Amino acid sequence: MRTRTILTATIGLMALLAIAATFRPARVSPAGQPILEKPKIMPTENQAPAAEVPQTEEEWRKKLTPEQYHVVREKGTERAFTGKYWNHKEDGVYRCVGCGEPLFDSAAKFDSGCGWPSFYQPVDDGKEVKEEVDDSLFMRRTEVLCRKCNAHLGHVFDDGPNPTGLRYCINSASIDFEKRGAKSGDSGPADPKKP
Ligand SMILES: [Zn+2]
């Protein structure tokens, strides 16, 4: 009631101040509550990445190989034991092929024997991935996607090893491996004095 009184008063005052037709009243839901406009999110934290994520299917096709596109955009699955990372054991980080976000670390990779790269956890406590129920193929599975660009990555099962008991079964086609220290040009931690 108070809200409505204030709203009415506000509208009355504004109507007096602006008799011109430029005034637009606040949108109101059927329940009578004003609908708050969602604030526009501006990319302040990361300046560049916005351009890195393909926006149209054409851009996706341009960025990915046909097989990567099929897996990432059409939720396909590469055949077991055919991807480039199922038996890959180097030390480094696996990044999303869509947007380049680091998703999995070789430290959490384990030999599951299933023919796909398997990890017992994503990097950063899973902040970079999201999970959705997948009822396709006559079974209920949990799909794993990149949170940033929505790329289909694979599925997560609860038959993994300790410490999580989870098995993130990921398509090689969805990830790109980056050897640890490769970007700085040499191995070892980066010099803290350098930017
Ligand atoms: Zn991504």
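Just above sits the structure.
What counts, and at which threshold
- Residues numbered from 1 in each chain as written.
- Predicted model: local features only at pLDDT ≥ 70, side-chain atom pairs only at ≥ 80, totals over all residues.
- Heavy atoms only, no water.
- Donors = N, O, S within 2.8 Å, 3.2 Å for Na, K, Ca; no water.
- Pairing = 2+ DSSP bridges.
- Helix = DSSP H or I, 4+ residues; strand = E, 2+ residues; numbered from the N terminus.
- Axes fitted to C-alpha atoms, helices over the stretch in contact; angles between N-to-C directions.
- Contact = heavy atoms within 4.5 Å.
- Phe/Tyr/Trp six-rings, centres within 6.5 Å; stacked < 30°, edge-to-face > 60°.
- Buried < 20%, exposed > 50% of the residue type's maximum accessible area, 1.4 Å probe, protein only.
- Lys NZ or Arg CZ within 6 Å of the ring centre and 35° of its normal.

Engineer: Teacher, can you tell me more about the coordination of the zinc ion here?
Structural biologist: Each pair of donors in an ideal octahedron of six around a metal sits at 90 or 180 degrees, and each pair in an ideal tetrahedron of four sits at 109.5 degrees. The coordination sphere of the zinc ion, as far as protein atoms go, consists of Cys-96 (SG), Cys-99 (SG), Cys-146 (SG) and Cys-149 (SG), spread over 2.2 to 2.4 Å. Mapped onto the sequence, the residues coordinating the zinc ion show the spacing C-x2-C-x46-C-x2-C.

Engineer: Please explain the sheet that holds strand S9 (residues 175-179) as it appears in this structure.
Structural biologist: Taking strand neighbours across the sheet as the criterion, the three strands line up as S2-S1-S9 in an open arrangement whose pairing is antiparallel. A strand with exactly one partner marks an edge of an open sheet, and here the two such strands are strand S2 (102-105) and S9. Strand-to-strand twist across the sheet, computed as the mean angle between neighbouring axes with direction ignored, equals 35 degrees. Summarising the sheet, strand S1 (residues 92-96) and S9 pair through five bridges and their orientation is antiparallel.

Engineer: When you look at the environment of Asp-159 in this model, what are you seeing that I'm missing?
Structural biologist: Among the structural elements, Asp-159 can be located in the loop between strand S7 (152-157) and strand S8 (167-170). The residues contacting Asp-159, other than those within four sequence positions of it, are Gly-165 and Arg-167.

Engineer: Help me out: how do you make sense of the packing of aromatic side chains in this one?
Structural biologist: What describes a pair of aromatic rings is the distance from one ring centre to the other and the angle between the planes of the rings. Tallying each qualifying case throughout the model produces seven aromatic pairs. A ring pair is formed by Tyr-85 and Phe-177, whose centres lie 6.4 Å apart and whose planes are at 55 degrees; its orientation type is tilted. Of this pair, Tyr-85 sits in the loop between helix H4 (66-74) and S1 while Phe-177 sits in strand S9, and the two are 92 residues apart along the sequence. We classify Tyr-85 as buried; its relative accessible area is 7%. Taking the relative accessible area as the measure of exposure, Phe-177 reaches 18% and is therefore buried. Judged by centre distance (5.3 Å) and plane angle (70 degrees), the ring pair of Tyr-94 and Phe-119 falls under edge-to-face. On the criterion of sequence distance, the pair formed by Tyr-94 in strand S1 and Phe-119 in strand S4 (residues 118-119) is long-range, its members being 25 residues apart. Neither residue differs from the other here; Tyr-94 and Phe-119 are each classed as buried. Grouped by ring-pair contacts, the aromatic residues Tyr-85, Tyr-94, Phe-104, Phe-119, Tyr-168 and Phe-177 constitute a single cluster. The ring of Tyr-69 is capped by Arg-61, whose NZ or CZ atom sits 4.1 Å from the centre of that ring.

All quantities given are derived from atomic positions and should not be read as evidence of function.
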